[in-house]
Each structure stands twice: as structure tokens, then as C-alpha cells.
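Each chain is listed here by its residues.
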Amino acid sequence: MQTTLIVIGIVIVAVYIFKTVAMAQMKKTPLVADHAKVLTLTEQNFQQQTKNKVVLVDFWATWCAPCRMMAPILNDVATELKGNSHVGKVDIQQYQSLANKFKVRSIPTLILLKNGTEINRFVGIKSKEFLLKEIAKVG
């Protein structure tokens, strides 16, 4: 019984240390500039920029480490998209009304729109391959 408690205690301490190190690493993730093909979406241009297009919209914030981890992936996705498919980004700190309109509760949230209508939604970090596959299904 006592040995079991010691093992459980060691496991809990190890998990805590791992979590602390992982969080410290994520906070060091640099802010990457958007690729020229990434649409910067605002309350003023959102409807026009998503009209008659397939757009993967990233709802993000500068303070969000996972969002910063997604930026290079989204830049890569944007460079590979052809035709009428695009990547767009909404800074939820600046445009809270758009985040509210789409009921964004956690970030990063990626919403796939076709002609301004939500087709699918992904929360968290996703791979380039996954996103390209999902966009191809709609496009």
C-alpha cells in the first residue's frame, strides 16, 4: 500500500514537471508574420472577403501560444491553395464581435467557410495535410 502511494506521488510530480516545461516551451514560440496570401479579416471586410470563396478562417490572438504554433502551418497551407480557396485570420482581441458571431469559445479555432457559410470547424493545432484534405473536400 505504501509503495503504491509513493509510485503515485512520483507519477504526479513527473506529470507536473512535464507540464511546466511544455508550457514554458510554448510561451517561447515566436510570432510569425502572415504570408502575403493570408487574408486579414476584419469586421468591415469579412463578408466581402468570404463571399463566393472557400476560406479557412483562423480565430487567434497574439497571447495564444498554440495560435502562434499554427501560424507557420497556415502560411504553408495558403501557399499551396489554388483557385478560389484561401486562408484568412481574425484577431479575436480586435474583432470580438466576429468571434461572438461564430461562437468561438477557445482558440485556435479554425472555421471552414464556403460562400460565408460554416461548413466545418476544427479546434486546436492541426497539421497542414489535415487542413488541405478538409479544404479539398469542400473546394
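What comes next concerns the included structure.

Calculation rules
Residues numbered from 1 in each chain as written. Predicted model: local features only at pLDDT ≥ 70, side-chain atom pairs only at ≥ 80, totals over all residues. Heavy atoms only, no water. Disulfide = S-S within 2.5 Å. Buried < 20%, exposed > 50% of the residue type's maximum accessible area, 1.4 Å probe, protein only. Helix = DSSP H or I, 4+ residues; strand = E, 2+ residues; numbered from the N terminus. Expected span 1.5 Å × (residues − 1). Bend = angle between axes of the 7 residues up to and from the residue. Salt bridge = Lys/Arg side-chain N within 4 Å of Asp/Glu carboxyl O. Axes fitted to C-alpha atoms, helices over the stretch in contact; angles between N-to-C directions. Parallel < 35°, antiparallel > 145°, perpendicular 65-115°, else oblique. Left-handed = near helix turned anticlockwise from the far one by under 90°. Contact = heavy atoms within 4.5 Å. Nonpolar A, V, L, I, M, F, W, Y, C, P; charged D, E, K, R; others polar.

### Considerations on the state of the cysteines
Each disulfide is one covalent bond, formed between the sulfur atoms of two cysteines.
For step 1, the next point in the chain: As enumerated under the stated definition, the model contains 1 disulfide in all.
For step 2, the next point in the chain: One disulfide in the model links Cys-64 with Cys-67; its S-S distance is 2.4 Å. Taking the sign of the torsion about the S-S bond as the criterion, the disulfide between Cys-64 and Cys-67, at about 75°, is right-handed. The residues Cys-64 and Cys-67 share a single accessibility class, namely buried.

### Some details on helix 3 (residues 65–80)
For step 1, the next point in the chain: With 16 residues, helix 3 extends 24 Å between its outermost C-alpha atoms, agreeing within 8% with the 22 Å of an ideal straight helix rising 1.5 Å per residue.
For step 2, the next point in the chain: Of all the bends in helix 3, the largest measures some 30° and sits at Ala-71, one to four residues before the proline Pro-72.
For step 3, the next point in the chain: Turning to helix 3, its buried residues are Ala-65, Cys-67, Arg-68, Met-70, Ala-71, Leu-74, Asn-75, Val-77 and Ala-78.

### What about the pattern of salt bridges?
For step 1, the next point in the chain: One pass over the full model with this rule turns up 4 salt bridges.
For step 2, the next point in the chain: As a salt-bridge pair, Glu-80 and Lys-128 come within 2.7 Å of each other at their nearest N and O atoms. One end of the pair, Glu-80, is in helix 3; the other, Lys-128, is in helix 5 (residues 128–138), with 48 residues separating them in the sequence.
For step 3, the next point in the chain: Look at Glu-80 and you get partly exposed, because its relative accessible area is 39%.
For step 4, the next point in the chain: With relative accessibility at 23%, the residue Lys-128 sits in the partly exposed group.

### A short note on the packing of helix 3 against helix 5
For step 1, the next point in the chain: Between helix 3 and helix 5, the shortest axis-to-axis distance is 9 Å and the interhelical angle comes to 45°. Classified by the angle between their axes, helix 3 and helix 5 sit oblique to one another. Seen from above, helix 3 lies across helix 5 with right-handed handedness. Every residue of helix 5 that contacts helix 3 at Met-70, Ile-73, Leu-74, Asp-76, Val-77 and Glu-80 is listed here: Lys-128, Leu-131, Leu-132 and Ile-135.
For step 2, the next point in the chain: Its residues assigned to classes, the contact of helix 3 with helix 5 comprises 7 nonpolar, no polar and 3 charged.

### A word on unusual backbone geometry
For step 1, the next point in the chain: Between Ile-107 and the following residue, Pro-108, the backbone shows a cis peptide bond with an omega angle of 0°.
For step 2, the next point in the chain: Assignment of secondary structure puts Pro-108 in the loop between helix 4 (96–101) and strand 4 (109–114).
For step 3, the next point in the chain: Phi at Asn-52 takes a positive value of approximately 55°, unusual for a residue other than glycine.
For step 4, the next point in the chain: One can find Asn-52 in the loop between helix 2 (46–50) and strand 2 (54–60).
For step 5, the next point in the chain: Among the residues examined, Asn-52 registers a relative accessible area of 52% and is labelled exposed.
For step 6, the next point in the chain: The phi dihedral of Asn-115 falls on the positive side, at around 55°, and the residue is not glycine.
For step 7, the next point in the chain: Within the secondary structure layout, Asn-115 lies in the loop between strand 4 and strand 5 (117–123).
For step 8, the next point in the chain: In this structure Asn-115 comes out as partly exposed when scored by relative accessible area, which is 43%.

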